[in-house]
Amino acid sequence: MPNSMDVASMKLLLARPKVPAPLDPNFSPLVLGKRKYLKAAKGCKDKLDWALLRSDGCGRYTLPVFPDKSEDVGASIYLAGVLIQEMLWQRSAYELQLSGPAKVCEALKAAYSIGGAYEFEVTSM
């Protein structure tokens, strides 16, 4: 389970649908948050690449990320963590490889370690 969202993550990743869900009026689907994030990160030059290695190949993705010194870098880390988690559940993997800005990679490395926010995925996938 990811850590709670910081202010930058909430600002960029929480987007409610036009028609609220009747059982959960605060529901904010990932796809809307990702769309909002990608629009905000459109001009970002830094990219985070990851690969999930499997015995029959690999799954990979590239995400534009905010610079290490930006106040919005927390949103980049949070979204990358959730997207990696989603890919792990879809495809499984025996190794996660990261390439990108140091602060983002270190935060994700810590989150995907024993004792980190995604410890369950690390120990079960």
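Asker: So what exactly am I meant to see when it comes to the overall build of the chain here?
Answerer: The number of helices and strands found in the chain is five helices and three strands. Listing each helix as α and each strand as β along the chain from the N terminus yields α-α-β-β-α-β-α-α. Over its C-alpha atoms the chain spans a radius of gyration of 15 Å, differing by no more than 12% from the 14 Å that the globule rule assigns to 125 residues. With respect to the three principal axes, the spread of C-alpha positions in the chain is 40 × 35 × 25 Å. Taken across its 125 residues, the chain has 38% of its residues classed as buried. In the chain, 62% of the contacts between residues at least 6 apart in sequence involve partners at least 24 apart. When the accessible surface of the chain is totalled, it reaches about 7,600 Å², and 58% of it is carbon and sulfur.

Asker: How should unusual backbone geometry be read in this particular structure?
Answerer: When glycine is set aside, most residues are seen to have a negative phi, and most peptide bonds are trans. A positive phi angle, close to 65 degrees, is found at Ser92, a residue other than glycine. On the basis of relative accessible area, Ser92 is assigned to the partly exposed category, the value being 30%.

Asker: Help me understand the pattern of salt bridges in this model?
Answerer: Here the structure, examined in full by the defined rule, presents four salt bridges. A salt bridge links Lys11 to Glu71, with the nearest nitrogen and oxygen atoms 3.9 Å apart. Of this pair, Lys11 sits in helix α1 (residues 7–13) while Glu71 is found in the loop between β2 (57–64) and α3 (73–91), placing the two residues 60 residues apart along the sequence. Accessibility expressed as a relative area gives 66% for Glu71, which makes it exposed. For Arg60, the salt bridge identified is with Asp49, shortest N-O distance 3.7 Å. Of this pair, Arg60 sits in strand β2 while Asp49 sits in strand β1 (residues 47–54), and the two are eleven residues apart along the sequence. Through salt bridges that share partners, Lys11, Glu71 and Asp72 make up one connected network.

Asker: Explain α3 to me, please; I cannot follow it from the model alone.
Answerer: Given 3.6 residues to a turn, an α-helix orients residues that are three or four positions apart in the same direction. An ideal rise of 1.5 Å per residue puts 27 Å on 19 residues; α3 measures up with 27 Å between its terminal C-alpha atoms. Most of α3 sits inside the fold, with 15 of its 19 residues counted as buried. Downstream of α3 by one or two residues, Ser92 has phi in the positive range, about 65 degrees.

Asker: Any chance you could explain the sheet that holds β2 here in plain terms?
Answerer: Sheet strands associate in pairs through backbone hydrogen bonding, adopting either a parallel or an antiparallel arrangement. The strand order β2-β1-β3 describes an open sheet built from three strands, whose pairing is antiparallel. Looking at which strands have only one partner, the edges of the open sheet turn out to be β2 and β3 (95–99). On average, each strand axis in the sheet is inclined to that of its neighbour by 15 degrees, with strand direction left out of account. Pairing of β1 with β3 involves five bridges; the strand directions are antiparallel. Note that in β3 the partner of Leu52 across the bridge is Leu96.

Calculation notes
- Residues numbered from 1 in each chain as written.
- Predicted model: local features only at pLDDT ≥ 70, side-chain atom pairs only at ≥ 80, totals over all residues.
- Heavy atoms only, no water.
- Helix = DSSP H or I, 4+ residues; strand = E, 2+ residues; numbered from the N terminus.
- Rg over C-alpha atoms; globule rule 2.2 N^0.38 Å.
- Buried < 20%, exposed > 50% of the residue type's maximum accessible area, 1.4 Å probe, protein only.
- Contact = heavy atoms within 4.5 Å.
- Areas by Shrake-Rupley, 256 points an atom, 1.4 Å probe, with all protein chains shown as cover.
- Salt bridge = Lys/Arg side-chain N within 4 Å of Asp/Glu carboxyl O.
- Expected span 1.5 Å × (residues − 1).
- Pairing = 2+ DSSP bridges.
- Axes fitted to C-alpha atoms, helices over the stretch in contact; angles between N-to-C directions.

This is a description of form; function is not addressed.
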